[in-house]
Amino acid sequence: MHIKEKLAQNEAAGRIGISFEFFPPKTAQGVQNLYDRMDRMHSLGPSFIDITWGAGGRLSDLTCEMVNVAQSVYGLETCMHLTCTDMPRERVDAALQSAYKAGCTNILALRGDPPREKEVWEAADGGFRYAKDLVKYIREKYGNHFDIGVGGYPEGADDNPDVDLLIDHLKEKVDAGSSFVVTQMFYDTDHFINWVKKCRDRGINVPIIPGIMPIQTYAAFIRRANWTKARIPPDWLEALEPVKNDDAAVKEIGKRLIADMCRRLIAAGINHLHFYTMNLAQATQLVLDDLKLTPTPETPLQRALPWRPSLGLNRREEDVRPIFWRNRNSSYIARTQTWDEFPNGRWTDSRSPAFGELDAYGIGIKGTNDQNIKLWGEPKSLRDLADIFVRFMEGKLERLPWSESPISAEATSIKENLVELNKRGLLTINSQPAVNGVKSSHPVYGWGPKNGFVYQKAYLELLLPPYLINDLIARIEANEDLTYHAVSKSGELLTNTRDSPNALTWGIFAGREIVQPTIVETISFLAWKDEAYQLGEDWAKCHDAASPSRKLIQGVMDNWYLVNIVNNDFHNTYNLFELFNDLNVKDLDVEVAGEIVEPKALQNGTTNGTTNGATPEPVAQN
């Protein structure tokens, strides 16, 4: 969606909008850490984010990559910075095409700073001299596909202190086709408000978004103010100078000063705040908390779907996903990018059954070997392994190999059951409780338009030792409401399903057909199986080849089954966890996962609609 449209929606609803700026880090690990932070800051409810280009375009490739990831993986409406400086026309064209393919529809067109090795700015051969030229070029080439913003300078630019002349230049950029303005950082509120009035008097009527720089430390505050030549009000210095060596006190006072400045801006008619995060979260969130602009349990963000939708060009209408990738959003996006049909959001007979080779998408666990050993320790027995899963269920670990984020609030109602199951050595990697018609505005389970009702079936996915598989399947098949899939690493599949997609969540809303956004199906489960076992093997390989931890985790991956169970009675008259009551689990204080024990059903052939031996041929389903 265009930023001007988001701004108009917020204004019509009487909401104060917020947005965040990020810049490309210099290291690969820094990029991954920033993605994690962007993902977490999504929960603060930004209308959009933007990603800077970098002086001279040296980080241009990374900027394009980050825009694509933010749009397609994290579902963040993203505005890409694009500068003229040191940018020949072909590089501009490549950047615009990359943004277009990523589904990005917003560009912030800037002249940019010169590279450090050049003292005087000059246009590249075939490039653009001014931002207005870049705006005009984008409009001519892409029409209204991109919403184009430009920079505003309330206190002058680095090479031009004449504020009034810069307002004339801003008018030229707006006349060339830009539809919003994002300003340089400032701290003098009165001066900014007067500058906005001058802009309006000059005929600049597009939205003007103030750039807000939170205060992290005193040294950084002074350095950035000097760099941008921003005037610091005397009372700010009086408040901060005495505590300048106390970072906590600076942050607390800085939060109050910035929040008070924002309140004055809002009172003056500004209804959107753009935060220069410097790739940090805390200082920005402190200001937003003080302003009461962050979602709360009483006023949660309204989710469009149970999972976060992608904003990739070909995925915007996608409204169905298999549950297996709920906690692995980035790998799901990568592995399904070659599917034949996304625009209608439904999978038809023309859907490609190919997920591609795992290696082609870089699927793997996050973090370095050392980081993962520090996080999960060095388990030497099944009990140690179970304790790791229990700590995750209790909220004491931030991730597992199969889950990139901490356990969600949705699991609260079944957390005790999950903890007890994992204590017994039955390792759960995905689950959800049954929900029977809660309001779509519910702070935990709600999604979709307001005044609707949402439902979901109880679901459980776990790793199970092979000696238990026959007993568990017999218990499942004794209850006609339960369906399951169980698969080994080699691809031996047992299931009582008919290979058709089984809706796990659905919503009913006024004036709309029933929406079924989350499913279980055999073809997707078999694709997920490959990834699930590889994630475990990647965990094993964090440890030395001869170590007990390596042998333990690899033994589980080689021998245990991946099982999912669905209770199709969403009234939840039968608790899935009752299946495991009195299940005879062996001693957990063993150092290896045990030799593989094939269940009788697999030794003697197929049973009850199950498949023995080879993975079945994929069947596309309506």
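Residues numbered from 1 in each chain as written. Predicted model: local features only at pLDDT ≥ 70, side-chain atom pairs only at ≥ 80, totals over all residues. Heavy atoms only, no water.

1. Observations concerning the pattern of salt bridges
Two side chains carrying opposite charge are able to pair once their charged atoms lie near each other. All chains considered together, the criterion is met by 29 salt bridges. Here Glu 241 makes a salt bridge to Lys 244, at a shortest N to O gap of 3.0 Å. Of the residues examined, Glu 241 reaches a relative accessible area of 35% and is grouped as partly exposed. When salt bridges with common partners are traced through the structure, they connect Glu 252, Lys 255, Asp 260, Arg 263 and Asp 290 into a single cluster. (Salt bridge = Lys/Arg side-chain N within 4 Å of Asp/Glu carboxyl O. Buried < 20%, exposed > 50% of the residue type's maximum accessible area, 1.4 Å probe, protein only.)

2. A short note on the sheet that holds strand S13 (residues 458-464)
Sheet architecture is open: five strands sit in the order S10-S13-S18-S14-S15, paired in antiparallel fashion. Both outer strands of the open sheet, strand S10 (427-432) and strand S15 (493-495), are each paired with one neighbouring strand and no more. The sheet shows a mean angle of 10° between the axes of neighbouring strands, taken without regard to direction. In this sheet, S15 lies alongside strand S14 (residues 482-487) in antiparallel orientation, the contact comprising three bridges. Its bridge partner lying in S15, Ala 486 is registered against Leu 494. Across the sheet, helix H15 (residues 415-423) touches S10 and S13, and the angle it forms with S10 is around 160°. (Pairing = 2+ DSSP bridges. Helix = DSSP H or I, 4+ residues; strand = E, 2+ residues; numbered from the N terminus. Axes fitted to C-alpha atoms, helices over the stretch in contact; angles between N-to-C directions. Contact = heavy atoms within 4.5 Å.)

3. Comments concerning the nonpolar core
The biggest cluster of nonpolar side chains holds 164 residues, and the ones touching the most others in it are Met 38, Leu 82, Tyr 187, Trp 402, Trp 528 and Phe 580. Non-local contacts of Met 38, meaning those with residues more than four positions away in its chain, are made with Phe 22, Ile 49, Ile 51, Met 66, Ala 70 and Leu 76. Counting six residues, the second largest nonpolar core, distinct from the first, contains Trp 307, Val 454, Phe 509 and Val 515. (Core = buried A, V, L, I, M, F, W, Y, C linked by side-chain atoms within 4.5 Å.)

4. Re the sheet that holds strand S8 (residues 272-276)
As summarised here, the arrangement of the eight strands in space is S1-S2-S3-S4-S5-S6-S7-S8, forming a closed barrel in which the pairing is parallel. For this sheet the average axis-to-axis angle between neighbouring strands, irrespective of direction, equals 30°. As defined by bridge partners, strand S6 (residues 180-185) adjoins strand S7 (residues 208-212) across three bridges and the pair is classed as parallel. Pairing of Val 181 across the sheet is with Ile 208, part of S7. Along the sheet, helix H5 (residues 131-142) makes contact with strand S3 (78-83), strand S4 (106-110) and strand S5 (147-152), crossing S4 at roughly 150°.

5. What about the packing of aromatic side chains?
For the structure shown, the criterion picks out 23 aromatic pairs. When the ring of Phe 186 is compared with that of Phe 192, the centres are 4.2 Å apart and the planes differ by 5°; the resulting orientation is stacked. By relative accessible area, which is 1% here, Phe 186 ends up buried. Relative to Trp 195, the ring of Phe 192 lies with its centre 5.9 Å away and its plane at 35°, an arrangement referred to as tilted. (Phe/Tyr/Trp six-rings, centres within 6.5 Å; stacked < 30°, edge-to-face > 60°.)

6. With respect to the side chain of Thr 495
Topologically, Thr 495 is positioned in strand S15. In terms of polar contacts, Thr 495 uses its side chain to reach the backbone carbonyl oxygen of Tyr 484, at 2.7 Å. Looking at Thr 495, its side chain comes within polar contact range of the side chain of Thr 497, at 2.9 Å. (Polar contact = N/O pair within 3.5 Å; in protein donor to acceptor, adjacent residues only side chain to side chain.)

7. Digging into the pairing of strand S17 (residues 515-520)
Side chains on a regular strand alternate between the two faces of the sheet. Counting buried positions along S17 yields five of six residues, so the element is predominantly enclosed. With two bridges joining them, strand S9 (residues 321-322) and S17 adopt parallel strand pairing. Bridge assignment links Arg 321 to a residue of S17, and that residue is Thr 518. Relative to S17, strand S16 (residues 502-508) runs antiparallel, the two sharing four bridges. The residue bridging Gly 507 from the neighbouring strand is Val 515, located in S17. The antiparallel pairing of S16 with S17 creates a hairpin that spans six residues between the two strands, and Gly 511 there sits at a positive phi of about 75°.

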